[in-house]
Amino acid sequence: VMINKARENADKIGFNNVEFRQGDIENMPIGGSSIDVVVSNCVLNLVPNKTKVINEIHRVLKPGGHFSISDIVLAGELPSALKQDAEMYAGCVAGAIQKSDYLKAIEDAGFQSITIQKEKPIVLPDDILEKYLTQSEIEAYKNSNLGIFSISVYAEKQGEKVAKKKLNLIDISAETKSNCAPESGCC
């Protein structure tokens, strides 16, 4: 459905130089070193094997290509009741990993110029916390060093910078954008 909608929208605005493919972000249906830019909005945290996805992004990017990914990461361990709940999963929180592990996976894949372009804390309201935690657990959570953050990360694949004229772009977030409503704090 999203692929057809994207094609219709591209036709409406006269973009005849784009192609949409359905695929798995852990095994993208595209040749290696063929994409200039990868963008993603709140998807990697929903994928169990984030390292595989990051390595796949590295595989499809041309030398000198780059990515810009917005996602949710953690600092410290979420209480298990929060982490395992479906509402937290749909809200892009339950699948999040530690910020340090996220950035290390990007570095280990071979990316360079890794930059956090934006970082914003996500504050869970008391009415949500009360669904999952006791009052004493809420106090402990609020007084801890634990944090949930929306970050935007930029990184480059080693090689010459890509010219800005004509770019091959892949957006790996189309299927899950509906999970993160505007102003919801998710990415």
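For the structure itself, consult the block above.
All figures in this text were calculated on a predicted structure; none of them were measured in a lab.

Here is what the cut-offs are and how they apply
Residues numbered from 1 in each chain as written. Predicted model: local features only at pLDDT ≥ 70, side-chain atom pairs only at ≥ 80, totals over all residues. Heavy atoms only, no water. Helix = DSSP H or I, 4+ residues; strand = E, 2+ residues; numbered from the N terminus. Buried < 20%, exposed > 50% of the residue type's maximum accessible area, 1.4 Å probe, protein only. Contact = heavy atoms within 4.5 Å. Areas by Shrake-Rupley, 256 points an atom, 1.4 Å probe, with all protein chains shown as cover. Pairing = 2+ DSSP bridges. Right-handed = clockwise from strand over helix to strand, strands pointing away. Core = buried A, V, L, I, M, F, W, Y, C linked by side-chain atoms within 4.5 Å. Salt bridge = Lys/Arg side-chain N within 4 Å of Asp/Glu carboxyl O.

(A) Representation of the overall build of the protein chain within the structure. Of regular secondary structure, the protein chain possesses 7 helices and 6 strands. For the protein chain, the sequential pattern of α-helices and β-strands runs α-β-α-β-α-α-β-α-β-α-α-β-β. Looking at the protein chain as a whole, 40% of its 187 residues are labelled buried. Long-range contacts, defined as pairs at least 24 residues apart, comprise 81% of the intrachain contacts of the protein chain with a sequence gap of at least 6. As presented, the protein chain carries roughly 10700 Å² of accessible surface, and 50% of it is formed by carbon and sulfur atoms.

(B) Quick peek at the pairing of strand β1 (residues 35-41). The buried fraction of β1 amounts to 5 of the 7 residues, a majority that puts the element mostly inside the structure. Two strands pair when backbone bridges link them, and β1 and strand β2 (residues 61-75) are joined in this way by 6 bridges, in the parallel orientation. For I35, the partnering residue across the bridge sits in β2 and is L61. A crossover links β1 with its parallel partner β2, the connecting element being helix α2 (residues 50-60), and its sense is right-handed.

(C) Region of the structure containing the nonpolar core. Ranked by size, the top nonpolar core spans 27 residues in total, and within it V38, I57, F67, Y102, I106, F111 and I172 carry the most contacts. Elements with a contribution of two residues or more to this core: β1, α2, β2, α5 (99-108) and β5 (147-157). With residues near it in sequence (within four places) discarded, I172 still touches I25, M28, V38, V39, S40, V43, L44 and I57. The next biggest cluster of nonpolar side chains, apart from the first, holds 18 residues, and it includes L74, L82, V93 and Y141.

(D) A look at the pairing of β2. As paired strands, β2 and β5 are joined by 10 bridges and run antiparallel to one another. Each residue of the ladder has a partner; that of D71, found in β5, is I151. Examined bridge by bridge, β2 and strand β3 (residues 97-98) share 2 bridges and lie parallel to one another. Bridge pairing links L74 to Q98 in β3.

(E) Layout of the pattern of salt bridges. Going through the model one piece at a time under the given rule, you end up with 6 salt bridges. Linking R59 and E56 is a salt bridge whose minimum nitrogen-to-oxygen distance equals 2.7 Å. Of the two residues, R59 and E56 are both situated in helix α2; the distance of 3 residues between them amounts to about one turn of the helix. Taking the relative accessible area as the measure of exposure, R59 reaches 31% and is therefore partly exposed. Put simply, D126 and K142 hold a salt bridge, and the shortest N to O gap is 2.5 Å. One end of the pair, D126, is in helix α6 (residues 126-132); the other, K142, is in helix α7 (residues 135-142), with 16 residues separating them in the sequence. For D126, a relative accessible area of 34% gives the class partly exposed.

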